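# Topology and contacts: notes
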Amino acid sequence: MTLFRKLAERAVHQGSLISVAVGTFEAPDGSTFQRDLVRHPGAVSIVPVDDDRGVLMVRQYRAAIDVDLLEIPAGKRDVEGEPPEETARRELEEEVGMRTGRLDKLAEFYNSPGFSDERSWVFLALDLEASQISAHSPEEEAMEIERVALDEVPMLIKSGRLVDAKSIIGLCLARELLR
């Protein structure tokens with residue numbers, strides 16, 4: 001049980017994806033302090049594994065770090081009331097043009113709880129079937145699909161070619177589960 005208490009929250013920015021607030025809190029000793037808080041709708045990511053233990057990944061530009069990253073397909077939970085599983089199915093189809101016959105939750109986690117409430121779900125997708133890709137942003141339109149062998153994951157991490165946290169979490173869990 002926490003001994004801290006939230007006293008107030010004041011919005012300071014409302015963007016298209018996130019909002020930022022300043023929260024005021026009371027510590028166990030009665031003192032007060034403030035923290036910057038980033039509010040995010042949450043996200044899903046998917047490890048789509050084909051019959052040959054290959055994973056369909058995307059190479060996508062990420063503006064915040066000005067770099068193209070190798071990642072598993074993912075997307076934000078931007079449809080009100082949509083369950084994470086449905087968001088995952090939709091994002092898998094939009095980003096890599098695949099439907100899944102089997103979707104298993106691998107994990108649920110907070111990305112950076114020191115300042116953000118973003119919660120993520122990562123799923124394993126099996127029994128894949130081709131469908132249509134439907135890009136929704138300039139980054140998605142320029143995105144490239146890459147197939148990576150599940151057995152290559154440790155080398156990709158060690159070499160620094162795979163640095164995206166959700167992808168590392170999802171790929172390591174999928175690799176362990178499918179051994």
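Residues numbered from 1 in each chain as written. Predicted model: local features only at pLDDT ≥ 70, side-chain atom pairs only at ≥ 80, totals over all residues. Heavy atoms only, no water.

Attention now goes to the overall build of the protein chain. Broken down by element type, the protein chain carries 4 helices and 10 strands. For the protein chain, the succession of helices and strands along the chain, N to C, is β-β-β-β-β-β-β-α-β-β-α-β-α-α. For the protein chain, the spread of C-alpha atoms along the principal axes amounts to about 60 × 35 × 30 Å. Going through the 179 residues of the protein chain one by one, you find that 39% of them count as buried. (Helix = DSSP H or I, 4+ residues; strand = E, 2+ residues; numbered from the N terminus. Buried < 20%, exposed > 50% of the residue type's maximum accessible area, 1.4 Å probe, protein only.)

Below, the discussion takes up the nonpolar core. Core analysis: the biggest nonpolar cluster contains 19 residues, and V47, V55, M57, V122, L124 and L171 have the highest contact counts within it. Counting only elements with at least two residues in this core, the list comes to β5 (54-62), β8 (98-110), β9 (119-130), α3 (153-159) and α4 (165-177). Setting aside residues no more than four positions away along its own chain, V47 makes contact with V55, I72, L106, V122, F123, L124, A125, G170, L171 and A174. The next biggest cluster of nonpolar side chains, apart from the first, holds 13 residues, and it includes V58, V96, W121 and F123. (Core = buried A, V, L, I, M, F, W, Y, C linked by side-chain atoms within 4.5 Å. Contact = heavy atoms within 4.5 Å.)

This part takes up the layout of surface pockets. Rolled over the atoms, a probe as big as a water molecule pinpoints where empty space is left. There is about 1200 Å³ of room inside the largest pocket. Listed by contribution, the elements that provide at least two residues to the lining of the largest pocket are β4 (43-48), β5, β6 (67-71), β7 (74-76), α1 (84-96), β8, α2 (138-142) and α4. Grouping the constituent residues of the lining of the largest pocket by class yields 15 nonpolar, 11 polar and 12 charged. What lines the second largest pocket is a set of 13 residues, among which L37, P113, G114, F115 and S116 lie closest to the centre. Per element, the largest residue contribution to the lining of the second largest pocket is 6 residues, and it comes from strand β3 (residues 32-39). Its residues assigned to classes, the lining of the second largest pocket shows 7 nonpolar, 2 polar and 4 charged. (1 Å grid on protein atoms, 1.4 Å probe; cavity = no way out; pocket = protein on both sides within 12 Å on 5 of 7 lines; lining within 4 Å. Points joined across faces, edges and corners; volume = space filled by probe spheres on them. Nonpolar A, V, L, I, M, F, W, Y, C, P; charged D, E, K, R; others polar.)

The next thing to look at is α4. One turn of the α-helix equals 3.6 residues, which is why residues spaced by three or four share an orientation. Taking 1.5 Å of rise per residue, 13 residues should cover 18 Å, and α4 covers 18 Å from first to last C-alpha, within 8% of that figure. Within the sequence span of α4, burial applies to K166, S167, G170, L171, A174 and R175. The buried residues of α4 occupy an angular sector of 145° when the element is viewed end-on, so they sit on one face. (Expected span 1.5 Å × (residues − 1). Arc of directions from axis to C-beta.)

Turning our eyes to something else, we now look at the sheet that holds β5. The pairing of strands in a sheet comes from backbone hydrogen bonds and takes either a parallel or an antiparallel form. One open sheet holds the 3 strands; their spatial order is β6-β5-β10, and the pairing between them is antiparallel. Of all the strands in the sheet, the pair left with one neighbour each is β6 and β10 (144-149). Adjacent strand axes in the sheet meet at a mean angle of 30° when their direction is disregarded. Bridging between β5 and β10 involves 6 bridges; their strand directions are antiparallel. Its bridge partner lying in β10, G54 is registered against A149. (Pairing = 2+ DSSP bridges. Axes fitted to C-alpha atoms, helices over the stretch in contact; angles between N-to-C directions.)

Turning next to the sheet that holds β4. Reading across from one edge, β7-β4-β9-β8 is the order of the 4 strands in this open sheet, with mixed pairing throughout. The sheet is open, and its two borders are formed by β7 and β8, each paired with just one other strand. Pairs of neighbouring strands in the sheet enclose a mean axial angle of 25°, with direction left out of account. Alignment of β4 against β9, held across 6 bridges, turns out to be parallel. Bridge pairing links V47 to L124 in β9.

Take the pattern of salt bridges next. This structure, assessed with the given rule, holds 21 salt bridges. Residue D78 pairs with R90 through a salt bridge whose shortest N-O separation is 3.4 Å. Placement of the pair is D78 in the loop between β7 and α1 and R90 in helix α1, with a sequence separation of 12 residues. As a salt-bridge pair, R90 and E94 come within 3.5 Å of each other at their nearest N and O atoms. With R90 and E94 both in helix α1 and 4 residues apart, this pair spans about one turn of that helix. On the basis of relative accessibility, which here comes to 11%, the residue E94 falls in the buried class. (Salt bridge = Lys/Arg side-chain N within 4 Å of Asp/Glu carboxyl O.)

Note that all results are geometric; they support no functional claim without further evidence.
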